[in-house]
Amino acid sequence: MYDVIVVGTRVSGAPLAMLLARQGFRVLAVDRAQFPSDTPSTHYIHQAGLGFLKSWGLLDRVTATGCPPVRHLNFTYTDIDIRGMADPAADGIDAVYCPRRTVLDKILVDAADEAGAEVISGFAVTGLLRDGDQVVGVRGRVGEGAEQEFRAKLVVGADGSGSTVAKEVGAQVYEGSPAACFVYYSYYEGIDWGMQHRTGFGEQQFGAWPTNDELYLVAVMRKRDRFREFRNDPDAGVQEIVDQIDPEIGARLRDTGRRVEPFRPMLYPDNYRRQSFGPGWALVGDAGYHKDPFTGWGITDSFKYAQLLADLAGESLAGGRPFEETLPEYQRERDAQSASTYELTTSISELSLTPYYDSVFRATSMSPDYSKKFFGLIAGLYPPERFFGETELAELYELVDFPVEARHVSKAEAAL
């Protein structure tokens, strides 16, 4: 009998298993994958996410893999160009990192194992065990082996957007919006562009950032209705998008860039929040909450809410408040803490800006100080209520002498 069974051991499940095991609980963590292995990802970890790795004693392991630090960022939207970097985090983190998932996930799985969690890779969950309405365990098998059953006080689905646990418990979506775009990405050598996050005219975007093995991840994004056209010749599609957004970088891609791995096409699932707790079960990571990859917050949010769930579930397992109190609190806190990120991401991932965001970002690009705050916002270090505060925006517009007729200090006012 385990205290917790965690289904899925990537960037949500492995930290959760590690944190609970470090609290002294008996934890089983299973995943159908073997490690190291890959999974679709932007790779990007914001400073706030790196802060969790540092607090867990794992950041040095990530940096030791040779993944290069990024200390200068840019964010463009058509002719709006914001450049800079957030101030260092309180713990001194002054860079972002984009490790490959073959590297990062293995570090996390190993850390869970070292903490005392029992880890079974290659284990496919085939169903949940129940006692009436209460989930009491899982059944599954490794490969073609015999089916096995394991029981626990709490079963957590950390198994992604297609979560088996979520399907088994019938977790319903209570907030959501359709996904806007598709993503194609691969790995290139011969590229040294710095960090790029460029959205051009014509509702298209490219991004590039350094990762392990002296490679760059290069990704492009377009509206989903152009997916079929794009997949006929993705190399030409990538070159066309980069050429149109930045001809100089397009020329450098053509002259020196060489793709060294197959493309990873991604039709992302819709944005959603699912019911993420019930009798004997909980969901974490993309199993319970997913948003467009545009702002690169997937890994950081996975870390953040794995820590939150570990703290609250640990309270119940230690004999404090019952799960009937701590699990609803987990979902409420996750939703409250992620509300601004979720809204911002779904608003700007359409690859076109509303008048409100256009005026805010355009004015931001004209102020080095506010640009630094912008990257602090994106990094999870600067409070959204201050960045988008009406008083703060009014001061920004005045400072940069922004055209009066284009000033918007609230979304409601901009919609009139």
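Chains are numbered independently. Their residues run from 1 in the order of the written sequence. The predicted origin of the model limits local features to residues at a pLDDT of at least 70 and limits the giving and counting of side-chain atom pairs to 80 or more, whereas totals for whole chains, interfaces and linings rest on all residues. Only hydrogens and water are removed before side-chain values are computed, so all heavy atoms of the structure are retained for them.

A. View of the overall build of the protein. Assigned secondary structure in the protein consists of 15 helices and 19 strands. Atoms considered for the radius of gyration are the C-alpha atoms alone. The globule rule reads 2.2 Å times the number of residues to the power 0.38. Taking 2.2 N^0.38 as the reference for a compact globule, 416 residues should give roughly 22 Å; the C-alpha atoms of the protein span a radius of gyration of 22 Å, in line with that estimate. Along the first, second and third principal axes, the C-alpha set of the protein runs to 65 × 50 × 40 Å. In the protein, buried positions account for 57% of the 416 residues. Under the DSSP-based scheme used, a helix requires at least four consecutive residues in state H or I and a strand at least two consecutive residues in state E, with every element numbered from the N terminus. Each residue is placed in one exposure class: buried if its accessible area under a 1.4 Å probe, protein chains only, is under 20% of its type's maximum, exposed if it is over 50%, and partly exposed if it falls in between.

B. Fine view of the pairing of strand S15 (residues 264-267). Burial along S15 is one-sided: Arg264 and Met266 are buried, and none of Pro265 and Leu267, which face the opposite way, are. Any two strands with at least two DSSP-identified bridges between them are counted as paired. Alignment of strand S10 (residues 181-189) against S15, held across 4 bridges, turns out to be antiparallel. Looking across to S15, one finds that tyrosine 185 is bridged to arginine 264.

C. Local environment of the packing of helix H7 (residues 234-245) against helix H8 (residues 247-256). One can describe the packing of H7 onto H8 by two numbers: an axis separation of 5 Å at closest approach and a directional angle of 145 degrees. Judged by residue contacts, Val238, Gln239, Val242, Asp243 and Ile245 of H7 engage Pro247, Ile249, Gly250, Ala251, Leu253 and Arg254 from H8. Taken together, the residues that form the contact of H7 with H8 break down as 7 nonpolar, 2 polar and 2 charged. Axis lines are fitted to C-alpha atoms, over the contacting stretch for helices. Their N-to-C directions set the angle, which ranges from 0 to 180 degrees. Only heavy atoms matter for contacts: two residues are in contact if any of them lie within 4.5 Å across the pair. Classes in brief: Ala, Val, Leu, Ile, Met, Phe, Trp, Tyr, Cys and Pro nonpolar; Asp, Glu, Lys and Arg charged; the others, Gly included, polar.

D. A look at unusual backbone geometry. A cis geometry characterises the amide bond from phenylalanine 35 onward to proline 36, with omega recorded as 5 degrees. Within the secondary structure, proline 36 sits in the loop between strand S2 (27-31) and helix H2 (47-55). Even without being glycine, threonine 78 reaches a positive phi, approximately 50 degrees. Structurally, threonine 78 can be placed in the loop between strand S3 (73-77) and strand S4 (80-84). The phi torsion at glutamate 214 lies on the positive side, around 60 degrees, for a residue other than glycine. Checked against the element boundaries, glutamate 214 lands in the loop between strand S12 (204-210) and strand S13 (216-223).

E. Here's a closer look at the packing of aromatic side chains. Classification of ring pairs rests on two measures: the distance between centres of Phe, Tyr or Trp rings, Trp counted by its six-membered ring, which must be within 6.5 Å, and the angle between planes, read as stacked under 30 degrees, edge-to-face over 60 and tilted in between. For the structure on display, the rule yields 30 aromatic pairs. Here the aromatic rings of phenylalanine 374 and phenylalanine 375 are separated by 5.1 Å at their centres, their planes lie at 80 degrees, and the arrangement is edge-to-face. Seen in terms of ring centroids, tyrosine 397 and phenylalanine 402 are 5.3 Å apart; in terms of plane orientation they differ by 25 degrees. Their pairing is stacked. Residues tyrosine 397 and phenylalanine 402 agree in their burial class; the two are buried. Here the aromatic residues Phe75, Tyr77, Phe294, Tyr356, Tyr357, Phe361, Tyr370, Phe374, Phe375, Phe387 and Phe388 are joined through ring pairs into a cluster of three or more. The rule for a charge over a ring is simple: NZ of Lys or CZ of Arg within 6 Å of the ring centre, and within 35 degrees of the ring normal. When the ring centre of tyrosine 187 is taken as origin, the NZ or CZ atom of arginine 100, which lies over that ring, is 3.6 Å away. Here arginine 273 stacks its cationic end above the ring of tyrosine 342, 4.6 Å away from the centre of that ring.

F. Focus on the pattern of salt bridges. The term salt bridge refers to a side-chain nitrogen of Lys or Arg lying within 4 Å of a carboxyl oxygen of Asp or Glu. Overall, the coordinates contain 31 salt bridges when judged by the stated rule. Between arginine 100 and glutamate 261 there is a salt bridge whose closest N-O contact spans 2.6 Å. Residue arginine 100 is found in the loop between S4 and helix H4 (101-115), and its partner glutamate 261 is found in the loop between strand S14 (258-259) and S15; the two are separated by 161 residues along the sequence. When salt bridges that share partners are traced, they join Asp38, Arg100, Glu261 and Arg264 into one network.

G. Region of the structure containing helix H9 (residues 298-317). Taking 1.5 Å per residue, 20 residues should reach 28 Å; H9 reaches 27 Å between its end C-alpha atoms and fits that length. A positive phi of about 95 degrees marks glycine 319, the residue just after H9. Multiplying 1.5 Å by the residue count of a helix minus one yields the expected span of that helix.

H. How the structure looks around the nonpolar core. Take the buried residues of types Ala, Val, Leu, Ile, Met, Phe, Trp, Tyr and Cys, join any two whose side-chain atoms come within 4.5 Å, and each joined set is a nonpolar core. Leu16, Leu53, Phe303 and Leu309 are the most contacted members of the largest nonpolar core, which has 53 residues in total. Here the element with the most residues in this core is H9; it accounts for 10 residues. If near-sequence neighbours (up to four positions away) are discounted, phenylalanine 303 is found in contact with Val11, Pro15, Ile45, Gly49, Phe52, Leu53, Trp56, Leu104 and Leu108. Core analysis: the next-biggest nonpolar cluster, separate from the first, contains 47 residues, Leu73, Tyr185, Phe374 and Phe375 among them.

I. Structural context of the pairing of strand S7 (residues 134-142). The pairing of strand S6 (residues 123-131) with S7 spans 8 bridges and is antiparallel. Across the sheet, the residue bridging to arginine 130 is valine 135, located in S7. Where S6 folds back on S7, the antiparallel hairpin that results is connected by 2 residues, among which glycine 132 adopts a positive phi of roughly 65 degrees. Where S7 lies against strand S8 (residues 148-157), 4 bridges are found, and the strand directions are antiparallel. When the bridges of S8 are listed, arginine 139 appears paired with glutamate 149. Counting the residues in the hairpin turn of S7 and S8 gives 5 residues, including glycine 143, whose phi is positive at 55 degrees.

J. Structural detail: the sheet that holds strand S19 (residues 289-290). Taken together, the 3 strands give an open sheet; going across it, the order is S9-S16-S19, and neighbouring strands pair in antiparallel fashion. Two strands in the sheet have a free side with no partner beyond their single neighbour: strand S9 (173-177) and S19. Bridging between S9 and strand S16 (residues 271-274) involves 4 bridges; their strand directions are antiparallel. Bridge pairing in S16 links glycine 176 to tyrosine 272. Packed onto the sheet, helix H10 (residues 323-348) meets S9, S16 and S19 and runs at close to 175 degrees relative to S16.

K. Region of interest: the packing of helix H1 (residues 13-22) against H9. Where H1 contacts H9, the axes come no closer than 9 Å and their chain directions differ by 35 degrees. As H1 packs across H9, the resulting crossing turns out to be right-handed. The residues of H9 that touch H1, namely those facing Pro15, Leu16, Leu19 and Leu20, are Phe303, Ala306, Gln307, Leu309, Ala310, Gly314 and Leu317. Residues belonging to the contact of H1 with H9 are distributed by class as follows: 9 nonpolar, 2 polar and no charged. Working rule for handedness: look at the near helix, and if it is turned counterclockwise from the far one by less than a right angle, call the crossing left-handed; if clockwise, right-handed.

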